[in-house]
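Descriptive analysis of the structure
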Amino acid sequence: MHRCYICITSSDIALTNIENMRRAGIISIERQLEAKRDQNSQSISQAFQDLTPLITMAKDMVSLAKQITGEISKKKGAITEDEAVQLKAHLLSLGIEEPVTRENVESSSSYFSKLSEECIAVLSDPVSKSGGMLTLFDAYVRVNRARGFDLISPSDFFRACKLINNSSTSPIRMVTLRSQLRVLVNKDYEPSKLKTVIVNLIEENGSLTAEQLSQKRQIPMLLAKELLLDAEDDGLLCRDETIEGICFFPNLFLTNIP
């Protein structure tokens, strides 16, 4: 009878230990990932549970704001005019009292008409404070922020903005720049006058970049660049491209030609 002997060396034992440690490490990682998923799931569930009373509370606050506004109107002599203005400003920061929704209007055309009026009321002041020009993206964010939980879609907002130009009393209107970028502007907006203002600013400062113009006019940098390129296309400005970006200068050929 022949006997078989299996020789196990220290290197084999070491490899076995390494393999066991590797398996244990993978199992540990899988368990950690599973625990993390469970924790995230619980956090999400808790967040939605907390959101429900928050929505209810927000509606109550808007209702309270409306009630207080009505009381202010009834008791004009009870508080000073400055106090009334300050209180109304705080109430407006809560958002739109009764946002326009499809459920509380008779038809689709009525919905967009009233939504357009709502956009005018919300955006007129921001447009004026943004150098007389506001991108539709920024306007959309502001409107939805004011509406609270009754958000509107981009397509509904765009249709409402189109109707702004039909209003004879609106202090703002929508225009399309040369690059097809649509913006909201003050009603007295005239491209030629704005270009003159930009050229004068550049002449006063020697040169301006899009970032510098955005700071001086309090407008988004995207709009500042659009306006500079538009003035350049008309031959009013010329550029100098450096590693720091594009700097615009007055076109001296227009002023120095005899």
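The text that follows walks through the structure, step by step, so that each part is easy to find. (Residues numbered from 1 in each chain as written. Predicted model: local features only at pLDDT ≥ 70, side-chain atom pairs only at ≥ 80, totals over all residues. Heavy atoms only, no water.)

On to the pattern of salt bridges, then. Within this structure, the stated rule accounts for ten salt bridges. A salt bridge links Lys193 to Glu190; the nearest nitrogen and oxygen atoms lie 3.9 Å apart. According to the relative accessible area criterion, Lys193 is exposed, its value standing at 52%. Linking Lys195 and Asp234 is a salt bridge whose minimum nitrogen-to-oxygen distance equals 2.3 Å. With a gap of 39 residues between them, Lys195 in helix 6 (residues 191-205) and Asp234 in the loop between helix 8 (221-233) and strand 5 (237-242) connect regions that are remote in the sequence. Taking relative accessible area as the criterion, Asp234 reaches 36% and is therefore assigned partly exposed. The network of salt bridges with common partners includes Arg178, Lys195, Asp230, Asp233 and Asp234. (Salt bridge = Lys/Arg side-chain N within 4 Å of Asp/Glu carboxyl O. Buried < 20%, exposed > 50% of the residue type's maximum accessible area, 1.4 Å probe, protein only. Helix = DSSP H or I, 4+ residues; strand = E, 2+ residues; numbered from the N terminus.)

What follows deals with the sheet that holds strand 4 (residues 208-209). Strand order in this open sheet of three strands is 4-6-5, and the pairing throughout is antiparallel. What marks the edges here is a single partner per strand, and that holds for strand 4 and strand 5. Taken together, the six bridges between strand 5 and strand 6 (residues 245-250) define a ladder with antiparallel strand orientation. Bridge assignment links Cys238 to a residue of strand 6, and that residue is Phe249. Here helix 8 sits on the sheet in contact with strand 4, strand 5 and strand 6, set at roughly 120° to strand 5. (Pairing = 2+ DSSP bridges. Contact = heavy atoms within 4.5 Å. Axes fitted to C-alpha atoms, helices over the stretch in contact; angles between N-to-C directions.)

What follows is about empty space enclosed by the protein. The full count for this structure, using the stated rule, is one cavity of 30 Å³ or more. Looking at the largest cavity, its volume works out to about 40 Å³. Every element with two or more residues in the lining of the largest cavity is listed here: helix 6 and helix 8. Per-element accounting of the lining of the largest cavity gives the leading share, four residues, to helix 6. (1 Å grid on protein atoms, 1.4 Å probe; cavity = no way out; pocket = protein on both sides within 12 Å on 5 of 7 lines; lining within 4 Å. Points joined across faces, edges and corners; volume = space filled by probe spheres on them.)

Read from one edge to the other, the open sheet built from three strands follows the order 1-3-2, with strand pairing classed as antiparallel. Each end of this open sheet is capped by a strand with a single partner; those strands are strand 1 (133-135) and strand 2 (172-176). Strand-to-strand twist of the sheet, defined as the mean angle between neighbouring strand axes without regard to direction, takes the value 30°. Sheet topology places strand 2 next to strand 3 (residues 182-186); five bridges connect them, and they run antiparallel. Across the sheet, residue Val175 finds its bridge partner in strand 3, namely Val183. Of the strands in this sheet, strand 1, strand 2 and strand 3 are in contact with helix 4 (residues 136-147), which crosses strand 1 at around 80°.

Honestly, that's just the spatial picture; any functional story needs more than this.
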